Amino acid sequence: MSGGGSTALANGLARLARYSIVLGVAGAAAQSSLYVVNGGQRAVIFNRLLGIEEKVRGEGMHLCIPWVQRPIIFDIRTRPHAINSVTGTNDLQMVNLTLRVLSKPDKEKLPTIYSRLGLDWDERVLPSIANEVLKAIVAQYNAEQLLTQREAVSRQIRETLTARAKQFNIELDDVSMTHLTFGREYASAIEAKQVTQQEAERSKYIVQVAEQEKIAAVVRAEGESTAAQLISDAMSKSGDGLLQLRRIEAAKEISATLSRSRNIVYLPKGSNVLLNMG
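Named according to an unreviewed UniProt entry, the protein chain is Prohibitin originating from Chondrus crispus. Reading the Sequence similarities (unreviewed entry) entry of the UniProt record for the protein chain gives the comment "Belongs to the prohibitin family." The record in UniProt for the protein chain states the following under Subcellular location (unreviewed entry): "Mitochondrion inner membrane".

**Q** An account of the packing of helix H3 (residues 121-138) against helix H5 (residues 150-166) is needed here, citing residue identities and associated values.
**A** Running from N to C, H3 and H5 cross one another at 140 degrees; their axes reach a closest spacing of 10 Å. By the angle between their axes, H3 is oblique relative to H5. The handedness of the crossing between H3 and H5 is right-handed. Here Ile129, Ala130, Glu132, Val133, Leu134 and Ile137 of H3 come into contact with H5, specifically with Val153, Gln156, Ile157, Thr160, Leu161, Arg164 and Ala165.

**Q** With reference to specific residues and values, describe the pattern of salt bridges.
**A** What the rule picks out here adds up to seven salt bridges. Across the salt bridge formed by Asp174 and Arg100, the nearest N and O atoms sit 2.9 Å from each other. A residue pair is termed long-range when its members are at least 10 positions apart, and Asp174 in strand S8 (residues 170-182) and Arg100 in strand S7 (residues 94-105) qualify at 74 residues. For Asp174, a relative accessible area of 25% gives the class partly exposed. For Arg100, a relative accessible area of 35% gives the class partly exposed.

Criteria and cut-off values
- Residues numbered from 1 in each chain as written.
- Predicted model: local features only at pLDDT ≥ 70, side-chain atom pairs only at ≥ 80, totals over all residues.
- Heavy atoms only, no water.
- UniProt positions renumbered as here; feature names shortened; annotations may be inferred.
- Axes fitted to C-alpha atoms, helices over the stretch in contact; angles between N-to-C directions.
- Helix = DSSP H or I, 4+ residues; strand = E, 2+ residues; numbered from the N terminus.
- Parallel < 35°, antiparallel > 145°, perpendicular 65-115°, else oblique.
- Left-handed = near helix turned anticlockwise from the far one by under 90°.
- Contact = heavy atoms within 4.5 Å.
- Salt bridge = Lys/Arg side-chain N within 4 Å of Asp/Glu carboxyl O.
- Buried < 20%, exposed > 50% of the residue type's maximum accessible area, 1.4 Å probe, protein only.

Printed below as a string of structure tokens:
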């Protein structure tokens with residue numbers, strides 16, 4: 001009785017082990033035949049028999065044939081990139097530029113992107129084409145134009161780089177020039193130029209002041225000449241007019257001097273010293 005029970009138990013355990021193995025294999029097969037595409041992702045299928053399939057799988061759970069098909073997950077969200085480039089201007093000045101680029105792959109062209117570039121498509125393409133575009137555009141301007149026409153230069157870089165990236169099925173949401181510096185030699189030249197301009201403006205101001213003083217001197221001389229002529233005319237008519245004028249001027253000068261003096265001045269009674277001078 002005990003021997004039969006032991007045999008039955010052993011048989012039951014053996015069957016359970018076989019079922020467990022079958023269930024394990026079935027579970028592994030089911031797991032390998034399912035894959036999930038999360039938000040902001042797309043999947044491309046590599047078929048061992050046919051190669052890259054053209055259909056792009058969207059978000060959600062999908063089936064695939066184990067071993068035959070392998071899902072490749074792409075992140076299609078916009079990515080930021082900072083690209084530095086040192087290039088020369090039209091007047092042979094070295095300039096250091098930094099671009100901020102927001103890029104993402106074309107969702108409909110993911111099979112082509114994977115076949116040509118792989119999953120690191122942005123690192124393979126963007127630095128090289130950005131440097132190519134920057135060198136070509138910056139060479140069209142001189143250093144001063146890069147500063148005074150920065151918005152136009154940035155717009156030309158954005159349009160050209162967007163068209164160039166489109167050839168690789170890459171979409172650019174934004175391209176902006178965030179940093180622009182020149183070499184030390186050019187910075188020194190700019191400073192010297194500013195000093196020269198300031199000196200020129202100062203010299204121009206001095207010349208203008210001298211011209212105004214010259215005009216004032218001419219006007220003053222003309223006024224004195226006119227006054228002398230009027231006095232001469234008056235003298236010829238009144239005879240002692242000039243003497244009376246000089247007396248009045250002397251009296252005014254003496255009275256002004258006495259008024260500013262701190263000493264007390266006494267004049268003889270009945271004297272008319274101010275008007276009897278000369």
